[in-house]
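Next come the chains, spelled out residue by residue.
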Amino acid sequence: MNTLPIRTYGDPVLNLVTTEIENIDAKVAVLAETMIETMYEAPGVGLAANQVGVQKRLFVYDKGDGPVVVVNPVIVETDGEWTYEEGCLSVPGLSWDITRANVVHLVGFDLDGNELSIEADEFEGRIFQHEMDHLNGVLLIERLDADQKKEAKRLLRQRRFPIASHDPDGLHLL
Ligand code: NI
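Quick caveat, the model's predicted, so the values are computed rather than measured. (Residues numbered from 1 in each chain as written. Predicted model: local features only at pLDDT ≥ 70, side-chain atom pairs only at ≥ 80, totals over all residues. Heavy atoms only, no water.)

1. Some remarks on the sheet that holds strand S3 (residues 68-79)
Here is step 1: Taken together, five strands build an open sheet; the order of strands is S1-S2-S3-S6-S7 and the sheet is antiparallel. Lying at the two open borders of the sheet, with one neighbouring strand each, are strand S1 (46-48) and strand S7 (115-120). This sheet shows a mean twist of 40° between the axes of neighbouring strands, independent of strand direction.
Here is step 2: Here three bridges tie S1 to strand S2 (residues 58-61), and the two strands are oriented antiparallel to one another. Note that in S2 the partner of Gly 46 across the bridge is Tyr 61.
Here is step 3: Lying on the sheet, helix H1 (residues 26-41) is in contact with S1, S2 and S3; it crosses S2 at an angle near 40°. (Pairing = 2+ DSSP bridges. Helix = DSSP H or I, 4+ residues; strand = E, 2+ residues; numbered from the N terminus. Axes fitted to C-alpha atoms, helices over the stretch in contact; angles between N-to-C directions. Contact = heavy atoms within 4.5 Å.)

Okay, structure coming up:
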């Protein structure tokens, strides 16, 4: 199995905005395959390229029916609200109820360069928003309210939380 270490809170690579992929070539395909294996090994249900230290606009996910790769993703429309307990492979051991849009229309490209257009809601829509945040250098902590954010940063400074995942199936880890 070919995997990469997942960068965690405090690693500056997680706060950088990623850049577009100009050529969807064999190198991108190898990166995507490695990211998929890394995501399954974690385990988690979504992984953005900068979580493995690559500053490119690419994420992979599996909502339960197989891996999907999205290159140069863009959210073009959102609707509604949905609250979900969200965790992140880069912030191990912590999760929060976070309200985001429910319905999300995502466009991008697959590894063959074909245009993708996916309208999703609830869990899949949540994955899209979480991974887009990663690609824009934003961690889920920034989506908390002021009190939660203060508490999260205190916990993360002290690292007094289990580093191992509390979620052995990785279903909340995006
Ligand atoms: Ni994440």
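After that view of the structure, there is still more to cover.
2. Side note on H1
Here is step 1: Taking 1.5 Å per residue, 16 residues should reach 22 Å; H1 reaches 23 Å between its end C-alpha atoms and fits that length.
Here is step 2: If you check which residues of H1 are buried, you get Val 28, Leu 31, Ala 32, Thr 34, Met 35, Ile 36, Thr 38 and Met 39.
Here is step 3: The inward-facing, buried residues of H1 contact S1, S2 and S3. (Expected span 1.5 Å × (residues − 1). Buried < 20%, exposed > 50% of the residue type's maximum accessible area, 1.4 Å probe, protein only.)

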